[in-house]
Amino acid sequence: MLRIAIQKSGRLFEDSVSLLRNAGIAFGSSPNRLLRTQASNFPLEIIFLRDDDIPEYVEGNVVDAGIIGENVLLEKQKTVQYVQRLGFGGCRLSIALPKGIPFTGKQSLENLRIATSYPRILESYLSANAVRAEIHEISGAVEIAPSLGLADAIFDIVGTGSTLLANGLKEVETVLESEALLVAHPQLAPEKQEILDRLLFRIQANQNAKSNRYILMNAPNHRIDQIVSIIPGMKSPTILPLATEGWSSLHSVVPETIFWEVLEQLKEAGAEGILVVPIERMIL
Ligand code: PRT
Ligand code: ZN
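About the criteria used
- Residues numbered from 1 in each chain as written.
- Chains lettered and ligands numbered in written order.
- Predicted model: local features only at pLDDT ≥ 70, side-chain atom pairs only at ≥ 80, totals over all residues.
- Heavy atoms only, no water.
- Pairing = 2+ DSSP bridges.
- Helix = DSSP H or I, 4+ residues; strand = E, 2+ residues; numbered from the N terminus.
- Axes fitted to C-alpha atoms, helices over the stretch in contact; angles between N-to-C directions.
- Donors = N, O, S within 2.8 Å, 3.2 Å for Na, K, Ca; no water.
- Tetrahedral: all angles 85-135°; square planar, octahedral: opposite > 155°, others 65-115°.
- Buried < 20%, exposed > 50% of the residue type's maximum accessible area, 1.4 Å probe, protein only.
- Near = heavy atom within 4 Å.
- Polar contact = N/O pair within 3.5 Å; in protein donor to acceptor, adjacent residues only side chain to side chain.
- Areas by Shrake-Rupley, 256 points an atom, 1.4 Å probe, with all protein chains shown as cover.
- 1 Å grid on protein atoms, 1.4 Å probe; cavity = no way out; pocket = protein on both sides within 12 Å on 5 of 7 lines; lining within 4 Å.
- Sits in = over half its atoms within 2 Å of the grid points.

(A) Quick look at the sheet that holds strand β13 (residues 238-241). Strands sit in the order β13-β14-β12-β15 across an open sheet of 4 strands; the sheet is antiparallel. Each end of this open sheet is capped by a strand with a single partner; those strands are β13 and β15 (272-278). Across this sheet, the average inter-strand angle for adjacent strands is 20°, counted without regard to direction. Examined bridge by bridge, strand β12 (residues 212-220) and β15 share 5 bridges and lie antiparallel to one another. Bridging from a neighbouring strand, arginine 213 pairs with proline 278 of β15.

(B) Representation of the coordination of the zinc ion (ligand 2) in the model. Around the zinc ion (ligand 2), the protein contributes the donor atoms Asp51 (OD) and Asp52 (OD), at 2.0 to 2.1 Å from the metal centre. What the 4 donor atoms of the zinc ion (ligand 2) show is an angle range of 73 to 173° at the metal, which sorts the shape as irregular. Here aspartate 51 falls in the buried class, since its relative accessible area comes to 18%. Overall, aspartate 52 belongs to the partly exposed group, its relative accessible area being 26%.

(C) Spotlight on the site of ligand 1. With respect to spatial proximity, 23 residues lie near ligand 1, and among them Arg11, Asn71, Glu143, Thr160 and Thr163 are the closest. Arginine 50 places a side-chain nitrogen or oxygen 2.7 Å from an oxygen atom of ligand 1. Separating an oxygen atom of ligand 1 from a backbone N or O atom of isoleucine 157 is a distance of 2.8 Å. Contact with the protein chains covers 76% of the free accessible surface of ligand 1, which is 840 Å². With respect to the detected pockets, ligand 1 is housed in the largest pocket. With 3 residues, the single largest contributor to the shell around ligand 1 is strand β9 (residues 153-158).

Below, the structure is given as structure tokens:
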């Protein structure tokens, strides 16, 4: 049995639950949210915790694995094994100043009082850049600190940036780009590691599927070489003869990131009847 911690409620909760469910793991989460639950079809126990507690629980082996924002993990400075970036919970940790204060570079931060809930990350950023500033640790509502006269600047999580804007602040330095991570205790027992590997295999199959498209098209045979040179494919494309003499059907997999460019080139190269379909699961 592998024990995994996820956030009890908050911004990572829904995506963490979906990640596990999309990996085929069935478990209940009652309306008043039990603090722990066991999957019915996989050797996994799920513990619901505050995100801040997860790094310590993983390091201390209270749980075997956890899903946590990289921002929290770095701040807590716990020793855990990075297993997989998960592609949700994306945000930045940035320094922001009141709009009217000029910023010409890192030296503009010299001697400022900076309010934050992330003092350790800020401290290492300041010392790496040889900036002397005063760190003022507060636990919440960091964005209003400058307008209350508590601080000259803030260092906080930014999602869309609209909270900064609403508080008359401008983002001047991005210190960290963060997303949710799957982490684990550095030395798992072999049977636990095996369960984690099975879970990871499923998560990666879903991630690969999401970032690729399956593409089918028809083309005259004399255009096949040119078309094959355009489509990347996992190995090489599948080519099947059509009932119509001199024509073939080509199938391949194209990464989402270059998908539109590839589509345009294929059309130019003479491909017809192009179909693009989502991939349910993809094992490399
Ligand atoms: O109760 P618990 O301690 O578990 O939760 P929490 O309140 O500490 O954390 P929670 O649920 O707010 O966030 C969990 C994680 O989500 C964070 O640690 C980040 O990794 C990630 N995340 C992603 C964010 C945001 N985006 C985000 N926008 N966390 C916080 N915010 C804040 C931001 O600071 C601002 O105050 O949301 C507000 C809106 O942001 P804008 O920029 O979109 O306006
Ligand atoms: Zn928290």
